[in-house]
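These are the residues of each chain, in order.
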Amino acid sequence: MKKLLLALAFAAAMVFSASAEESKESTPRVWDHGDNISSITYQNVRFYKIYDAADAYVILYEKQGVKIGTAVLPKKWVKNTEGHRKLLFRNAPAKIGSYLTIIKKDGEFQKVLVTVPSNRWNPIWAMAPRNMEINGTDADSLEIEL
């Protein structure tokens, strides 16, 4: 008798779970709706060093594998002369490394957020050498290769 009741309970559980899975598939997911897609995208990139030069910040960022890329962020982006600021700094939490967040709207560059320790004595900060050649201090957008 116990075996029969156990078999019936198991069969009932299988029937209920099968019907529950069917009802889940029939409900549409939020991200399947065509009107719920944002035009804003972002990309996070870790970086190793930030050099402070006269007209720009030069950042050495992580590429795929062991490669290192270079990004130039003009200091004029910090000022609010043409509308919104394109360069914002955020203080990095203690246990999280430094990274860039590049924000685009409809594929067009909007702004970059630099999350870095605010303490300039941190080893991630450095002064740019005098002979460092910096191209792109008059740029209006930021494109990086990963």
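Residues numbered from 1 in each chain as written. Predicted model: local features only at pLDDT ≥ 70, side-chain atom pairs only at ≥ 80, totals over all residues. Heavy atoms only, no water.

A. A look at the overall build of the protein. Broken down by element type, the protein carries one helix and seven strands. Put simply, the protein runs from its N terminus to its C terminus through helices and strands in the order α-β-β-β-β-β-β-β. Here the protein holds 146 residues, and the buried ones make up 27% of them. Counting only carbon and sulfur atoms, one obtains 55% of the accessible surface of the protein, whose full area is about 11000 Å². (Helix = DSSP H or I, 4+ residues; strand = E, 2+ residues; numbered from the N terminus. Buried < 20%, exposed > 50% of the residue type's maximum accessible area, 1.4 Å probe, protein only. Areas by Shrake-Rupley, 256 points an atom, 1.4 Å probe, with all protein chains shown as cover.)

B. Examining unusual backbone geometry more closely. You will see that D106, though not glycine, has its phi angle at about 55°, which is positive. Tracing the chain through its elements places D106 in the loop between β5 (99-105) and β6 (108-116). Classification of D106 as exposed rests on a relative accessible area of 63%.

C. How the structure looks around the environment of A71. Here A71 lies in strand β3 (residues 68-74). Overall, A71 belongs to the buried group, its relative accessible area being 3%.

D. Expanded view of the pattern of salt bridges. Taken as a whole, this structure holds six salt bridges when the rule is applied. K63 is the salt-bridge partner of E145, the closest N and O atoms lying 4.0 Å from each other. A residue pair is termed long-range when its members are at least 10 positions apart, and E145 in the segment after β7 (125-127) and K63 in the loop between β2 (56-62) and β3 qualify at 82 residues. You can call E145 exposed: its relative accessible area is 57%. (Salt bridge = Lys/Arg side-chain N within 4 Å of Asp/Glu carboxyl O.)

E. Molecular detail of the nonpolar core. Ranked by internal contacts, the top residues of the largest apolar core, which has 20 residues, are F47, I50, L73, V112, V114 and L142. When contributions to this core are tallied by element, the ones reaching two or more residues are β1 (40-52), β2, β3, β5 and β6. Ranked by the residues each element gives to this core, the list is headed by β6, at four residues. If we ignore the near neighbours within four places in the chain, the residues touching L142 are A71, V72, L73, W77, I102, F109 and V112. Core analysis: the second largest hydrophobic core is formed by five residues, Y51, A53, V58 and A128 among them. (Core = buried A, V, L, I, M, F, W, Y, C linked by side-chain atoms within 4.5 Å. Contact = heavy atoms within 4.5 Å.)

F. Spotlight on the environment of S98. As for its placement among the helices and strands, S98 is situated in the loop between β4 (87-91) and β5. Its relative accessible area of 8% is what places S98 among the buried residues. C-alpha of S98 to C-alpha of V114: the two residues are 16 residues apart in sequence and 7.7 Å apart in space. When residues no more than four places from it in sequence are discounted, the contact partners of S98 are R46, F47, T115, V116, P117 and I124.

G. Representation of the side chain of K104 within the structure. The topology assignment puts K104 in strand β5. Note on K104: relative accessible area 18%, which makes it buried. Engagement of the side chain of K104 in a polar contact is seen with the side chain of E143, the distance being 3.5 Å. Setting aside chain neighbours within four positions, we find K104 in contact with S39, I40, T41, F109, Q110 and E143. (Polar contact = N/O pair within 3.5 Å; in protein donor to acceptor, adjacent residues only side chain to side chain.)

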